[in-house]
Amino acid sequence: MLLEYADFGLADGHLGLGYDLALQCVDRSRWTPEQLDRLRGGRHLLPDAADEFFTARRLRDGDRLEQGFSVLVG
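Reading the values: rules and limits
Residues numbered from 1 in each chain as written. Predicted model: local features only at pLDDT ≥ 70, side-chain atom pairs only at ≥ 80, totals over all residues. Heavy atoms only, no water. Helix = DSSP H or I, 4+ residues; strand = E, 2+ residues; numbered from the N terminus. Buried < 20%, exposed > 50% of the residue type's maximum accessible area, 1.4 Å probe, protein only. Areas by Shrake-Rupley, 256 points an atom, 1.4 Å probe, with all protein chains shown as cover. Salt bridge = Lys/Arg side-chain N within 4 Å of Asp/Glu carboxyl O. Polar contact = N/O pair within 3.5 Å; in protein donor to acceptor, adjacent residues only side chain to side chain. Patch = residues over 30% accessible without salt bridge, like charges linked within 9 Å, V, L, I, M, F, W, Y side chains within 5 Å. 1 Å grid on protein atoms, 1.4 Å probe; cavity = no way out; pocket = protein on both sides within 12 Å on 5 of 7 lines; lining within 4 Å. Points joined across faces, edges and corners; volume = space filled by probe spheres on them. Nonpolar A, V, L, I, M, F, W, Y, C, P; charged D, E, K, R; others polar.

Trainee: Looking at this structure, how should I read the overall build of the chain?
Mentor: In terms of helices and strands, the chain carries 2 helices and 0 strands. Burial analysis of the chain (74 residues in total) assigns 7% to the buried set. Surface accessibility of the chain: about 7200 Å² in total, with carbon and sulfur atoms responsible for 54%.

Trainee: Would you explain the pattern of salt bridges in this entry?
Mentor: Where charged atoms of side chains with opposite charge meet at close range, the side chains can pair. Tallying each qualifying case throughout the model produces 1 salt bridge. A salt bridge links Glu-66 to Arg-57; the shortest N-O distance between them is 3.3 Å. Owing to a relative accessible area of 53%, Glu-66 belongs among the exposed residues under this scheme.

Trainee: How do you make sense of the environment of Asp-63 when you look at a structure like this?
Mentor: Among the secondary structure elements, Asp-63 is positioned in the segment after α2 (33-40). Here the side chain of Asp-63 touches Arg-60 through a polar contact of 2.6 Å, landing on its backbone nitrogen.

Trainee: How should I be thinking about a nonpolar patch on the surface in this particular structure?
Mentor: A cluster of nonpolar side chains, Leu-15, Leu-17 and Leu-21, forms an exposed patch at the surface whose accessible area comes to about 320 Å². By the secondary structure assignment, Leu-15 is in the segment before α1 (19-22).

Trainee: What am I meant to see in the layout of surface pockets here?
Mentor: Any empty space left between atoms is shown by rolling a water-sized probe over those atoms. Considering only enclosed or pocket space, the largest pocket measures out at about 350 Å³ in volume. Lining the largest pocket are 14 residues, with Thr-55, Arg-57, Ser-70, Val-71 and Leu-72 positioned closest to its centre. Counted by class, the lining of the largest pocket contains 8 nonpolar, 4 polar and 2 charged residues.

Next up, the structure:
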C-alpha cells in the first residue's frame, strides 16, 4: 500500500485492491501511551513479537555482537 502523495512512477498505490479496501489497513485512531510503548519493544528497537523473524538493536561503544550474520547501519 502506497501512503505517499507522489506516485513514484506507479499507476496507483492500492496494489490492485481499490482504495476503499486497501485503506482498511490504516489505523488512524488515537493510540494510548501503552500502545505506543508496545511498538518500542524491550531491549530491542522492534516489538518483542518480531524476535522470531528479525531483530534491530541500538549498539553503543563497547557493545559486543553474537557470532553470526548481521547487517549493521552506521
